[in-house]
Amino acid sequence: MSSKLSQIVSDLHEQVLYLQELGVETLEAKIPQFAYSAAPEKKVVASPTIEKYIPKTPIIAAINPKPIEVSKPNITRQSLLENSRLSHLPTLGNRPKQIPNLEKNESSTEIREMPKVKTEPILKAETLIEMPTILAILPESNETLADIQADIGDCKRCSLYEDRKNIAHSKGSLTAKLMFIGEAPGADEDEQGEPFVGRAGQLLTKIIEGMGYDRKDVFIGNINRCRPPGNRQPLPAEVVQCKPFLLREISVVRPQVVVVMGNTACQNLLGTKIGISKIRGEFQDYYGVKVMPTFHPAYLLRDPHKKREVWEDMKKVRDYLAKTN
């Protein structure tokens, strides 16, 4: 029980960090009186021979036919259950008599089959996370950024186009050794049609310059190119439509290091469910390219104490590039 509670607390902590990266400062939720869910019912079939081991007469009566009467409250097991917080859980008497099972019931010669249910593909949240690639290196590409942007066009592949002002295309040097990838545009990016031009973008520029580079010498983009309403997290269907264009750009630029900033960008690019706070600071691999997960600049604006951790991550990137070149 303690391990499950620790996992819940850890997951909640990750979600709070993630929401902070998105700019959510307050949360409101109505908590029901009972938030417990019923445990899965155990399919138990009583053995037909078990009754012979149950004494017909209570043991205490057999030892002492005239037991001493002790005054005690009139509390029954049923009353305790009805007055407890677990009263909403199913009791043994309420369990279904028919237990579908593919195997032969030990207490019966009848074979019961599971009902056949027609299933259809459903787009789940896991769609956001893709399986890690099995390729060792980036695929070759003869495209240009102009080709990719022309393919995107006046994109209406997902519902984000309804509220956007401009598509914020990736921007930077085609020979960049270093690439930065975020989640999606914000209000300033939506207005200007460029990635990372707001307050978070200004902080990113300082980080780049602190590493000894100029912003025009690196490549900057996002998983999604259109701003989600209210800066919310992109939906799985939105990511599926937009992410392939970014992967094509990576194949064109062919950087030596990609810095993924924030939880969403990290999980989408690397195909992992691990939270950013656990994976940051350690080089990962994507098609043979070194990937450094770190916090999003927008998160640093809300928690400046994390700037030191991000700077430690960037020093690893800087040192790796210096050693490689």
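Described below are features of the structure shown in this document. Just so you know, these numbers come straight off a predicted model, no measurement behind them. Counting restarts for each chain: residues are numbered from 1 in the order of the written sequence. For a predicted model such as this one, the threshold for reporting local features is a pLDDT of at least 70, and the threshold for listing and counting side-chain atom pairs is 80 or more; totals across whole chains, interfaces and linings nevertheless cover every residue. By convention in this description, side-chain values take in all heavy atoms of the structure and omit both hydrogens and water.

## Re unusual backbone geometry
Phase 1 of the analysis: Unusually for a residue other than glycine, Arg 254 sits at a positive phi of about 55 degrees.
Phase 2 of the analysis: Think of it this way: any DSSP run of H or I at least four residues long counts as a helix, any run of E at least two long counts as a strand, and we number them from the N terminus. Here Arg 254 lies in the loop between helix H7 (236–253) and strand E4 (257–261).

## Considering empty space enclosed by the protein
Phase 1 of the analysis: Definitions used for this entry: grid spacing 1 Å over protein atoms alone; cavity, a set of points where a 1.4 Å probe fits but cannot get out; pocket, an open set with protein on both sides within 12 Å along at least 5 of 7 lines; lining residue, one with an atom within 4 Å of a point. Grid points are joined across faces, edges and corners, and a volume is the space filled by probe spheres set on the points. Inspection of the entire model under this criterion finds two cavities of 30 Å³ or more.
Phase 2 of the analysis: Its volume calculated, the largest cavity comes out at about 120 Å³.
Phase 3 of the analysis: As for the largest cavity, its lining consists of 15 residues, of which Cys 155, Cys 158, Arg 164, Cys 226 and Cys 242 are closest to the centre.
Phase 4 of the analysis: The biggest single contributor to the lining of the largest cavity is H7, with three residues.
Phase 5 of the analysis: A breakdown of the residues in the lining of the largest cavity according to their chemical character gives nine nonpolar, two polar and four charged.
Phase 6 of the analysis: Of the voids in this model, the second largest cavity is the one considered here, and its volume is about 40 Å³.
Phase 7 of the analysis: Along the walls of the second largest cavity sit Phe 180, Leu 204, Ile 207, Val 259, Met 261, Thr 294, Phe 295, Pro 297, Val 310 and Met 314, which together make up its complete lining.
Phase 8 of the analysis: Elements with a minimum of two residues in the lining of the second largest cavity: helix H6 (199–210), E4 and helix H11 (307–324).
Phase 9 of the analysis: Polarity classes work like this: nonpolar for Ala, Val, Leu, Ile, Met, Phe, Trp, Tyr, Cys and Pro, charged for Asp, Glu, Lys and Arg, and polar for all others, with Gly in that last group. Looking at the lining of the second largest cavity residue by residue, the classes come out as nine nonpolar, one polar and no charged.

## Quick notes on the environment of Asn 224
Phase 1 of the analysis: Mapped onto the secondary structure, Asn 224 falls in the loop between strand E3 (219–222) and H7.
Phase 2 of the analysis: Using a 1.4 Å probe on the protein chains alone, a residue whose accessible area is under 20% of its type maximum counts as buried, one over 50% counts as exposed, and one in between counts as partly exposed. The buried category is assigned to Asn 224, whose relative accessible area is 1%.
Phase 3 of the analysis: Sequence separation between Asn 224 and Ser 170 is 54 residues; the distance between their C-alpha atoms is 9.9 Å.
Phase 4 of the analysis: Discounting chain neighbours no more than four positions away, the residues touching Asn 224 are Leu 160, Glu 183, Ala 184, Pro 185, Pro 234, Glu 238, Val 239 and Cys 242.
Phase 5 of the analysis: A distance of 3.2 Å separates a polar side-chain atom of Asn 224 from the backbone oxygen of Glu 238. Contacts were defined at the residue level, with two residues in contact if any of their heavy atoms lie within 4.5 Å. Here a polar contact means two N or O atoms within 3.5 Å. Within protein one must be a hydrogen donor candidate and the other an acceptor candidate, and residues neighboring in sequence count only if both atoms are side-chain atoms.

## Details of H11
Three- or four-residue spacings in an α-helix give side chains the same orientation, since the helix completes a turn every 3.6 residues.
Phase 1 of the analysis: Here, expected helix span is obtained from the residue count minus one, scaled by 1.5 Å. Taking 1.5 Å of rise per residue, the 18 residues of H11 would be expected to cover 26 Å, and the 26 Å separating its terminal C-alpha atoms lies within 8% of that figure.
Phase 2 of the analysis: Among all positions in H11, only Val 310, Asp 313, Met 314, Val 317 and Leu 321 are buried. What you see down the axis of H11 is that its buried residues fit within an arc of 95 degrees, all on one side. Opposite the buried face of H11, by more than 90 degrees, sit the exposed residues Arg 308, Ala 322 and Lys 323.
Phase 3 of the analysis: Considering only its buried residues, H11 is in contact with strand E2 (178–182), H6, E4, strand E6 (289–294) and helix H10 (297–302). The directions from the helix axis to the C-beta atoms form the arc being described.

## Regarding a nonpolar patch on the surface
Phase 1 of the analysis: Residues enter a patch when their relative accessible area is above 30% and they make no salt bridge; the linking distance is 9 Å between like charges and 5 Å between nonpolar side chains (Val, Leu, Ile, Met, Phe, Trp, Tyr). To be clear on the numbers: accessible area is Shrake-Rupley with a 1.4 Å probe, and residue cover counts the displayed protein chains and nothing else. A side-chain nitrogen of Lys or Arg and a carboxyl oxygen of Asp or Glu constitute a salt bridge if their distance falls within 4 Å. A cluster of nonpolar residues, Leu 5, Ile 8 and Val 9, forms a patch on the protein surface that exposes about 300 Å² of accessible area.
Phase 2 of the analysis: Here Leu 5 lies in helix H1 (residues 2–22).

## Points about the packing of aromatic side chains
Phase 1 of the analysis: Pairs were defined over the aromatic rings of Phe, Tyr and Trp, the Trp ring being its six-membered one, requiring ring centres within 6.5 Å. Orientation was assigned from the angle between planes: stacked under 30 degrees, edge-to-face over 60, tilted for the rest. Following the criterion strictly, the structure yields three aromatic pairs and no others.
Phase 2 of the analysis: On the basis of an interplanar angle of 50 degrees and a centroid distance of 5.4 Å, the ring pair of Phe 283 and Tyr 320 is categorised as tilted. A residue pair is termed long-range when its members are at least 10 positions apart, and Phe 283 in the loop between helix H9 (276–279) and strand E5 (284–286) and Tyr 320 in helix H11 qualify at 37 residues.
Phase 3 of the analysis: Taking the centre distance of 4.5 Å and the plane angle of 90 degrees together, the rings of Tyr 286 and Tyr 287 count as edge-to-face.
Phase 4 of the analysis: Overall, Tyr 286 belongs to the buried group, its relative accessible area being 9%.
Phase 5 of the analysis: Using a relative accessible area of 16% as the deciding quantity, one classes Tyr 287 as buried.

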